[in-house]
Structures are given as structure tokens and as C-alpha cells.
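Below are the chains, spelled out letter by letter.
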Amino acid sequence: MADFGGGDLEAFRAEVRAWLDANYPADLRDPAVRTDPEAIWGGRAFAGEARDPQIAWMRAMAAKGWTAPAWPAAYGGGGLSPDQVRVLEQEMAAGRHRAPLASFGVWMLGPVLLEYATEAQKREHLPPIVKGEIRWCQGYSEPGAGSDLAALATRCEDKGDHWLVNGGKIWTSFADKADWCFCLVRTDTARKHAGVSFVLIDMASPGVETRPIALISGESPFCETFFTDVKLPKDALVGPVNGGWEIAKRLLQYERQNISGGFGEAGGAGGVAGDLGQIAKAYAGEDATGRLADSDLRSRITRNRMDFACLRQTIGRIAAESRASNGPNAATSIIKYAAAAFAQERGELMVEAMGHQGLGWGGEGFATPEIVATRGWLRSKGNSIEGGTSEVNLNVISKRVLGLPDLTASR
Ligand SMILES: Cc1cc2nc3c(=O)[nH]c(=O)nc-3n(C[C@H](O)[C@H](O)[C@H](O)COP(=O)(O)OP(=O)(O)OC[C@H]3O[C@@H](n4cnc5c(N)ncnc54)[C@H](O)[C@@H]3O)c2cc1C
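Residues numbered from 1 in each chain as written. Predicted model: local features only at pLDDT ≥ 70, side-chain atom pairs only at ≥ 80, totals over all residues. Heavy atoms only, no water.

Here the focus is the packing of helix α9 (residues 295-324) against helix α10 (residues 332-354). When two helices pack together, their arrangement is captured by the angle between the axes and the distance separating the axes. Between α9 and α10, the shortest axis-to-axis distance is 10 Å and the interhelical angle comes to 155 degrees. Judged by the inter-axis angle, α9 sits roughly antiparallel to α10. Seen from above, α9 lies across α10 with left-handed handedness. Between α9 and α10, the residues in contact are L297, R300, I301, N304, F308, L311, T314, I315 and I318 and T332, I335, A338, A339, F342, E345, R346, L349, E352 and A353, respectively. (Axes fitted to C-alpha atoms, helices over the stretch in contact; angles between N-to-C directions. Helix = DSSP H or I, 4+ residues; strand = E, 2+ residues; numbered from the N terminus. Parallel < 35°, antiparallel > 145°, perpendicular 65-115°, else oblique. Left-handed = near helix turned anticlockwise from the far one by under 90°. Contact = heavy atoms within 4.5 Å.)

Under the criterion given, the structure shown has 15 aromatic pairs. Where W41 meets W107, the ring centres are 5.8 Å apart and the plane angle is 75 degrees; that geometry is what we call edge-to-face. Placement of W41 in the loop between α2 (26-29) and α3 (53-63) and of W107 in helix α5 (residues 104-116) is noted, with a sequence separation of 66 residues between them. On the accessibility criterion, W41 (16% relative accessible area) is buried. Site record: aromatic cluster; members linked through ring pairs are F12, W19, Y24, W57 and W66. The cationic tip of K64 hangs over the ring face of W66; the distance from NZ or CZ to the ring centre is 5.0 Å. Directly above the aromatic system of W361 lies the positively charged group of R375, at a separation of 3.8 Å from the ring centroid. (Phe/Tyr/Trp six-rings, centres within 6.5 Å; stacked < 30°, edge-to-face > 60°. Buried < 20%, exposed > 50% of the residue type's maximum accessible area, 1.4 Å probe, protein only. Lys NZ or Arg CZ within 6 Å of the ring centre and 35° of its normal.)

Our next topic: the site of the ligand. What surrounds the ligand is a group of 18 residues, the closest being S141, S147, W171, T389 and E391. Interatomic distance of 2.6 Å between a side-chain N/O atom of S147 and an oxygen atom of the ligand. Contact between the ligand and W171: a nitrogen atom at 3.1 Å from a main-chain N or O atom of the residue. Summarising the interface, the protein chains cover 69% of the accessible area of the ligand, which totals 980 Å² for the free molecule. Mapped by element, the contributors of at least two residues to the shell around the ligand are β3 (162-173) and α12 (390-401). Residue contributions to the shell around the ligand peak at three residues, all from β3. Within the shell around the ligand, the residues separate by chemical class into four nonpolar, 10 polar and four charged. (Near = heavy atom within 4 Å. Polar contact = N/O pair within 3.5 Å; in protein donor to acceptor, adjacent residues only side chain to side chain. Areas by Shrake-Rupley, 256 points an atom, 1.4 Å probe, with all protein chains shown as cover. Nonpolar A, V, L, I, M, F, W, Y, C, P; charged D, E, K, R; others polar.)

Given below as C-alpha cells:
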């Protein structure tokens, strides 16, 4: 293991370990204990609701600023140095502590507010994100604007003392559950990229409507979102008017970094957790030497594991570069692309390893992990679309990482 520095850091490690021991809710120590799946997202829906141990855990961590450990303490964050953040992550992983909060606010919005927002906007929006009091969604895509995001048409007009928003978004993950939306709007119809602004919309505002869309996996996490004559205060706009494109791209770098970090032994959103090799042995049997009997499956599982090891190293390298410079950069497209490919391959292998049992949608003939495997495999199809498609990320890599000629105008 790497040496993380001098005595101060070791003292910090001891302090973190003791605090986690004392404050991690006993109920959460049992991996079989299930909490309300929505609780990890916090938000207004859980205001005052402290019975769920996940909410108690989120609040305990938030009180220390450790739901956003690297953010400045002035905005509720932990104010930790990069090395201290790493120690906290290591201690949480070693103790198998659950994440305190899942949050588009922590992963995507907060970092760009720190960079681009006014002091008043930071003080209004960052502390509720740290505390898990406000849940955010992302209003980027529109029916005619996905990969070509700057084609977005949702209008935002300056009405003197307020902004007026009209239009619609699509694929807005959790829009029906979110409290606020960070949103790209058009403030100039004559210019494409230079006519985009970045605004913050309270989903409780009159004129905001959401309609869920079902996914192939049977889940329905995202929505169509409609804005009809939605009035926004003048300070809802972040950065300069028509200056939203730069913020939008920056936020995508944070998004891609975070999506990649979420793929791992669990195989990404909806995947079955656990050792794929062991799971495959349970279904396909072992040979005389105790190895997985199906040699072709064995070599593909091994390759997938090696891909994961390489991915983890690359994520670590890009995270270190990000910490040592001005945040993430276009290299996040590398890990987003690779993580999607890894997760999809893992989903395929999981279903294949389970044989017929890996194609269960529901019913008594299938155990829960088998149903999760089928649905996780279907959900993984979206991995190469969300946060920018794999093709678009390859374009970004070719242009911004490899410096090849710019032949497209995509995100
Ligand atoms: C699970 C999931 C969650 C999502 N959550 C959100 C969310 O919360 N908020 C939000 O705003 N959006 C969200 N999205 C939408 C997502 O960002 C878009 O689906 C994505 O950017 C692609 O846009 P599109 O669907 O319009 O496809 P299109 O842009 O129409 O692309 C269609 C195909 O053409 C290819 N293509 C397009 N342009 C190029 C090019 N220049 N070069 C090469 N190939 C190209 C694409 O790779 C793709 O294969 C989510 C999507 C998924 C699957």
C-alpha cells in the first residue's frame, strides 16, 4: 500500500476510524438490512424523516461535511485536503461502510457552482446539497438535442425582473423525485453554442411538469420534463448570459468521472454484485482442478477481470491528475467509454454464466439475483448512452485528448 505521508495523516486516519466506528449506524452493519432505496438520495421527501438508518447516516456524515469532503467548510463541506479525502475513502472502504449520499448535486452541480457561481449562489445552494436536503436532476437532453446538445431549444427569455422558461427536456433522470433541476436553456436564438445559458429551476415552480418513461429493464427512473411559462428569479442564471456552454461541458467532465467511478465489482447500475468467477462456478460447475469448467467462459471472465483492474488503475491515474490540476478534463471520456464497455461485458457474462436462469424477468422460477442479473444486463445497454454516448466520447478523446482534427460539433 502507498505511503500517504507523515504523522499528521496517520493521526487523521486514526481519528477517521474512531469516528466511523462510533457513528456508523448499527443497522447498516448488516449487509442484508435493506433501507428505503430512495433514502440514499435524500431531498425534501426525507425532511424530518430520521427513522431510516440511511438518513441518520447521511446526516451524521453531513454534519462533518463528509458527504462532500473536499468542498470548502464555508459551504458546509469537509474542507479536507486531497490526501485526507483519500484516507477517508480508504477507511470507509475498509470498514465496508455504505455511501452516505447519492447526489447529482455532489457529483456534478456543486463542483461547477464552486467554479462559476456567485458567492450568494454558492451560499444558497451548496450547504443544502452537502446536507442532502435538496435533490437535483439534470435538464440537458431534448428530443432534438442529445449528442448535438447545443441544438437545444428550451427558451429562456429576459422579462426584466425575471426569466421566463418554455420548452421541454427528455431522459431527465429522477425528475419526478428531484427538488431542483440544473438546466440548459437558449437565451439567444441566433447563435448555437454561444446562445446557451445555465439555469437553476425549483421543480416546485408553477409550470413544471414531469412524466415518467419506462426503461427496457422495467425500471422507470427518468422522465420527460415540461416547462410552461416558468418564472425564474434573475439570480437563477449561473455564469454570464449566453455563457452556459462552457459550464455545461465542464459539468459533463465531472459527470463522466463519476459515472466511471460507479462501475466496479457491482458492474454498474443494476448489476449483480459479487465475484463473477464464483457465481459462474455455481452454475457451470468446476473441472477436476477446481477451475470453472467452461474454458471459454473462464477466459472471457478472466479478461473482464483484467479489464477491470486496468480500468481501476486508469480511473486512479485520472483522479490523481484531476486533484493535481484544475479538476477533471477531457480524459474523463476515456474512463467513461471504458467503464461502459466493461459493465456491458460483465452484464453479458453474468447472464451467460447463469444459463437459462440468467434470463428471468420475474416469478417463482427465478431467484432474486437471477432476476437482478437479467434486468442489470438490460440496464447496462444504457451505459454506453448516458453521460454522452460511446461514439461521442470517442470523438472527444480523438479531438481533445489526442489532438486529432475537429471534424464534428458534438458534445
Ligand atoms: C440511463 C440514462 C440516463 C440519462 N439521464 C439523463 C439525464 O438525467 N439528463 C439528461 O439531460 N439526459 C439524460 N440522458 C440522455 C443522454 O444524455 C442522451 O441519451 C445521450 O446524450 C444521447 O443522445 P440521444 O439519445 O438524443 O441520441 P442521439 O444523439 O440521437 O444519438 C443516436 C446515435 O447516433 C450517434 N451519434 C450522434 N452524433 C454522433 C457523432 N457526432 N459522431 C458519432 N456518432 C454520433 C450516437 O452515438 C448514437 O449511437 C440519459 C440517458 C440514459 C440512457
